[in-house]
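# Structural description and commentary
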Amino acid sequence: MHRGTDGARPVYTATVVSDQNALTAKVLAQCPLRERFRQRMTAMYDYEKHGTPRHEGDLYAFSHNSGLQPQSVVYTSASVAADAPRRVLLDPNTMSADGTVSLTSTSFTQDGRLCAYGVSASGSDWITAKLLRLAPDGGVTHLDDVVEHAKDRKSTRLNSSHA
């Protein structure tokens, strides 16, 4: 019978993960091709990535990664033109000092005035849902509304413009 390593046994989980990391580091330290492999993998992943623009009210929202950023940044713009000015809406790379917070989802009201987004910490499948109010001038206000310990990305879905 399989026993998961999460949940009610955090000390056991921490010990297993620590032991696995130590063994992995020991094996990899002996690998003569490790540095060459790291360089090749870095080169393969170092390219610009663009997400598909979504029309949200008067704005377009899209993700962009300059190459080796751990996570893509979500931007808004009034146009999809390549030279159109854009504003950072959500940058998950700055949401925690150690980079362990990830952006799990985004959702907008039909008029594009509210954005719900989900974040997850340390690889957890628990989501914290938060809200932003987007002003017509491009300003963003972080609202106090928060839903913690959600298990489903749908918890960030907005269906109405009446909020």
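Nothing here was measured: the structure is a model prediction, and the numbers come from that model.

### Examining the overall build of the protein chain
Broken down by element type, the protein chain carries 2 helices and 9 strands. When the elements of the protein chain are put in sequence order from the N terminus, they spell out α-α-β-β-β-β-β-β-β-β-β. Burial statistics for the protein chain: of 163 residues in total, 26% are counted as buried. In the protein chain, of all internal contacts separated by at least 6 residues, the share reaching a separation of at least 24 is 27%. Of the roughly 11,400 Å² of accessible surface on the protein chain, 53% is carried by carbon and sulfur atoms.

### Digging into the nonpolar core
Residues Ala61, Val74, Leu89, Leu90, Val101, Leu103, Phe108, Cys115, Tyr117, Val119, Leu132 and Leu134 constitute the largest nonpolar core, which totals 12 residues. At the level of secondary structure, the elements contributing two or more residues to this core comprise strand S5 (86-90), strand S6 (101-108), strand S7 (114-121) and strand S8 (127-134).

### Structural notes on the packing of aromatic side chains
Counting across every chain of the model gives 1 aromatic pair. Their ring planes at 20 degrees and their centres at 5.8 Å tell us that Phe62 and Tyr75 sit as a pair that is stacked. With Phe62 in strand S3 (residues 59-65) and Tyr75 in strand S4 (residues 73-77), this residue pair connects regions lying 13 residues apart in the sequence. Tyr75 shares its class with Phe62; the two are buried. The ring of Tyr47 has Lys49 sitting right over it, with the charged end atom 4.1 Å from the ring centre. The cationic tip of Arg86 hangs over the ring face of Tyr75; the distance from NZ or CZ to the ring centre is 4.3 Å.

### Observations concerning the environment of Thr106
Its place among the elements puts Thr106 in strand S6. Distance in space between the C-alpha atoms of Thr106 and Ala61 is 9.8 Å, their sequence separation being 45 residues. The residues touching Thr106, leaving out its near neighbours within four places in the chain, are Arg54, Leu90, Cys115, Ala116 and Tyr117. For Thr106, the side chain forms a polar contact with the side chain of Arg54, separated by 2.8 Å.

### Regarding the environment of Ser77
Relative to the helices and strands, Ser77 resides in strand S4. One polar contact links the side chain of Ser77 to the main-chain carbonyl oxygen of Pro85, over a distance of 2.9 Å.

### Overview of the sheet that holds S6
The 4 strands are arranged S6-S7-S8-S9 in an open sheet whose pairing can be described as antiparallel. In this open sheet, the two edge strands, each paired with only one partner strand, are S6 and strand S9 (140-150). Averaged over all neighbouring strand pairs, the angle between strand axes comes to 25 degrees, with direction disregarded. Where S8 and S9 come together, 6 bridges link them in antiparallel fashion. If you follow Leu134 over to S9, its bridge partner there is Val140.

### Some remarks on unusual backbone geometry
For Ser122, which is not glycine, the phi dihedral falls at a positive 55 degrees. The exposure class of Ser122 is exposed, given its relative accessible area of 59%. Even without glycine at this site, His149 takes up a positive phi of about 60 degrees.

### Quick word on the pairing of S6
Here S6 lies mainly inside the structure; 6 of its 8 residues are buried. What sits between the antiparallel neighbours S6 and S7 is a turn of 5 residues, in which Gly112 has the positive phi angle 75 degrees.

Calculation criteria
- The numbering scheme is per chain: residues are counted from 1 as the chain's sequence reads.
- Reporting of local features is limited, given that this is a predicted model, to residues whose pLDDT is at least 70; pairs of side-chain atoms are given and counted only at 80 or more, and all residues count toward the totals for whole chains, interfaces and linings.
- Based on all heavy atoms of the structure, the side-chain values leave hydrogens and waters out of the count.
- Secondary structure elements are defined from DSSP: runs of H or I of at least 4 residues count as helices, runs of E of at least 2 residues count as strands, and each element is numbered from the N terminus.
- Burial here depends on accessible area, computed with a 1.4 Å probe over protein chains only, as a share of the maximum for the residue type. Under 20% is buried, over 50% is exposed, and the range in between is partly exposed.
- Contacts between residues were defined by any pair of non-hydrogen atoms, one from each residue, lying within 4.5 Å.
- Using a 1.4 Å probe, the Shrake-Rupley method yields the accessible areas, and only the shown protein chains count as cover for residues.
- The criterion is simple. A nonpolar core is a set of buried Ala, Val, Leu, Ile, Met, Phe, Trp, Tyr and Cys residues joined through side-chain atoms within 4.5 Å.
- When two rings of Phe, Tyr or Trp (its six-membered ring) have centres within 6.5 Å they constitute a pair, described as stacked for plane angles under 30 degrees, edge-to-face for angles over 60, and tilted for the intermediate range.
- Whether a charge sits over a ring depends on NZ of Lys or CZ of Arg being within 6 Å of the ring centre and within 35 degrees of the ring normal.
- As used in this structure description, the phrase polar contact means that two N or O atoms lie within 3.5 Å; if the pair is within protein, one of them must be able to donate a hydrogen and the other to accept it, and residues adjacent in sequence are counted only when both atoms belong to side chains.
- Whether two strands pair depends on DSSP finding at least two bridges between them.
- For helices, the axis comes from a line fit to the C-alpha atoms of the stretch in contact; other axes are also lines fit to C-alpha atoms, and the angle between any two N-to-C directions lies between 0 and 180 degrees.

None of this, on its own, says anything about what the molecule does.
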